Amino acid sequence: MSSAPAANRPVPRPGVLAIEAYVPGKAQAGAGVKVHKLSANETPLGPSPKALEAFRSAAALELYPDGSSTRLREAIAATYGLDPARIVCGTGSDELLMLTAMAFAGPGDEVLYSQYGFLVYRIATLAAGATPVVAPETDFRTDVDALLAAVTEKTRVVFLANPNNPTGTYLPFDEIKRLQRGLPPNVLLALDAAYAEYVRRNDYEAGIELVATCANVVMLRTFSKIHGLASLRVGWLYGPAEVVDAINRIRGAFNVSAPGIAAAVAAIGDTAHTETAVAHNDTWLPWLSEKLTALGLTVTPSVTNFLLVHFPDVPGKTAREADAFLMERGLILRRVDSYGLPGALRVSIGTEEANRLLVDALAAFMGGAEAAKAGSGHGA
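How each quantity is defined
- Residues numbered from 1 in each chain as written.
- Predicted model: local features only at pLDDT ≥ 70, side-chain atom pairs only at ≥ 80, totals over all residues.
- Heavy atoms only, no water.
- UniProt positions renumbered as here; feature names shortened; annotations may be inferred.
- Helix = DSSP H or I, 4+ residues; strand = E, 2+ residues; numbered from the N terminus.
- Contact = heavy atoms within 4.5 Å.
- Axes fitted to C-alpha atoms, helices over the stretch in contact; angles between N-to-C directions.
- Parallel < 35°, antiparallel > 145°, perpendicular 65-115°, else oblique.
- Left-handed = near helix turned anticlockwise from the far one by under 90°.
- Core = buried A, V, L, I, M, F, W, Y, C linked by side-chain atoms within 4.5 Å.
- Buried < 20%, exposed > 50% of the residue type's maximum accessible area, 1.4 Å probe, protein only.
- Expected span 1.5 Å × (residues − 1).
- Domains from an automatic or database assignment.
- Buried area = accessible area lost by both parts, 1.4 Å probe.
- Salt bridge = Lys/Arg side-chain N within 4 Å of Asp/Glu carboxyl O.
- Polar contact = N/O pair within 3.5 Å; in protein donor to acceptor, adjacent residues only side chain to side chain.

An unreviewed UniProt entry annotates the protein chain as Histidinol-phosphate aminotransferase originating from Ancylobacter pratisalsi. According to the UniProt record, the Cofactor (unreviewed entry) comment for the protein chain is "pyridoxal 5'-phosphate". One UniProt comment on the protein chain, placed under Subunit (unreviewed entry), says "Homodimer."

Structure below.
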């Protein structure tokens with residue numbers, strides 16, 4: 001690193017060096033073991049075969065993609081009954097979170113999110129030059145009253161993941177509406193619904209209705225999760241025309257690749273594959289939660305394709321020790337120390353093989369005859 005005085009070298013603007021770079025979940029384990037990656041909330045079923053075929057057919061790599069992602073916006077609009085002009089696509093929803101912060105907040109402004117909100121919210125806020133403000137949660141669930149109490153005249157954006165990552169919890173639609181009604185009209189509510197397709201609760205709504213009726217709400221979605229296109233990085237935002245116009249003015253001209261557009265169009269049209277992924281999750285999410293609870297672990301109730309698992313603060317049984325134990329057996333989970341949860345691990349719902357291996361491994365880790373009996377057993 002250069003030791004030259006600041007006046008003699010480029011210096012990042014205030015706030016940039018306060019950013020802790022996002023660290024993805026681990027992807028490698030010990031040598032000689034079969035790896036089961038359960039750290040990144042990826043679908044265990046992979047992408048739709050139709051999406052794979054569309055990806056392979058998009059081979060004109062020398063040509064720029066459609067800078068407006070027209071086919072994809074039209075496919076999304078047809079699926080959800082939306083106006084394609086009010087949709088903007090991006091390099092995953094992460095880019096759209098960054099662009100939202102940049103377009104609506106800056107130095108002197110505040111961006112608000114909940115205690116265990118997605119790490120990118122802080123990164124996006126600081127990258128925009130704004131000040132992050134964190135509202136406490138209750139039982140690992142976003143507290144609407146705490147958010148509203150934290151709003152000031154400087155608040156410009158509220159980021160809310162619903163369902164939330166890494167906790168897996170969600171807010172009922174009535175609570176989301178209460179939050180929106182309590183915000184000043186000049187504050188943008190950004191609903192991050194990356195896991196919406198997995199939710200099976202009658203009181204949940206991803207945000208489409210609010211965007212359709214409110215001038216200060218946007219909804220963000222991704223093709224990385226249930227659609228299995230994480231490698232292609234495709235996301236989308238639905239919002240008021242003025243918000244979409246602002247984001248379009250600052251986004252990259254060709255921010256979604258042609259293979260990404262083609263695969264996403266095919267993926268959103270393959271409802272059978274999506275339903276199969278939902279059915280798999282509906283089977284294994286409660287199964288894994290029940291088995292891990294039976295081992296004496298505390299599992300935060302989840303509506304997503306992952307679980308937040310809390311370990312005892314006892315030498316030999318901690319989350320850090322469990323992580324090392326599982327890594328040796330090829331089972332990669334997500335440490336969540338960076339979220340302020342050093343006593344927990346996040347585990348994605350995997351294949352049947354991975355789920356059963358995880359339960360058996362944790363039964364061995366927790367030890368004792370009763371833990372062994374609570375292993376994977378037979379049947380789902």
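A. Quick peek at the UniProt feature "modified residue: N6-(pyridoxal phosphate)lysine" (unreviewed entry) in the protein chain. Per the UniProt record, "modified residue: N6-(pyridoxal phosphate)lysine" (unreviewed entry) is found at Lys225. Within the secondary structure, Lys225 sits in the loop between β7 (217-222) and β8 (235-238). Excluding its chain neighbours within four sequence positions, the residues that come into contact with Lys225 are Ala40, Asn41, Thr43, Ala194, Tyr195 and Tyr198.

B. Quick peek at the packing of helix α3 (residues 92-104) against helix α4 (residues 120-127). α4 packs onto α3 with a crossing angle of 40° between their chain directions and a minimal axis gap of 8 Å. Classified by the angle their axes make, α3 and α4 are oblique. Between α3 and α4 the crossing geometry is right-handed. Only Val120, Tyr121, Ile123, Ala124, Thr125 and Ala127 of α4 make contact with α3, whose side of the interface consists of Asp94, Leu97, Met98 and Ala101.

C. Representation of the nonpolar core within the structure. Within the largest apolar cluster, 56 residues are counted, with the highest numbers of intra-cluster contacts made by Leu72, Phe223 and Trp236. A total of eight residues in this core trace back to one element, the largest contributor, which is helix α9 (residues 258-269). Not counting residues within four places of it along the chain, the set of residues in contact with Trp236 comprises Ile76, Tyr80, Leu82, Ile87, Val88, Cys89, Leu96, Met219, Leu220, Arg221 and Phe223. In terms of nonpolar packing, the next biggest core, distinct from the first, is built from 31 residues, Val88, Leu97, Phe118 and Val336 among them.

D. Structural context of α3. The end-to-end C-alpha distance of α3 is 19 Å, a good match for the 18 Å that 13 residues give at a rise of 1.5 Å each. Taken together, the buried positions of α3 are Gly92, Ser93, Glu95, Leu96, Leu97, Leu99, Thr100 and Ala101.

E. The arrangement of the domain arrangement of the protein chain in detail. As far as domains go, the protein chain holds domain 1 (25-45 + 272-368) and domain 2 (49-270). Here domain 1 and domain 2 have C-alpha centroids that lie 26 Å from each other. With 25 residues of domain 1 in contact, the opposing surface of domain 2 contributes 26 residues. When the buried area of domain 1 at its contact with domain 2 is split by residue, Thr274, Val303 and Tyr339 rank highest and sum to 30% of it. Run the count over domain 1 and domain 2 and you get zero salt bridges. The interface formed by domain 1 and domain 2 includes eight residue pairs in polar contact (both at pLDDT 80 or more).

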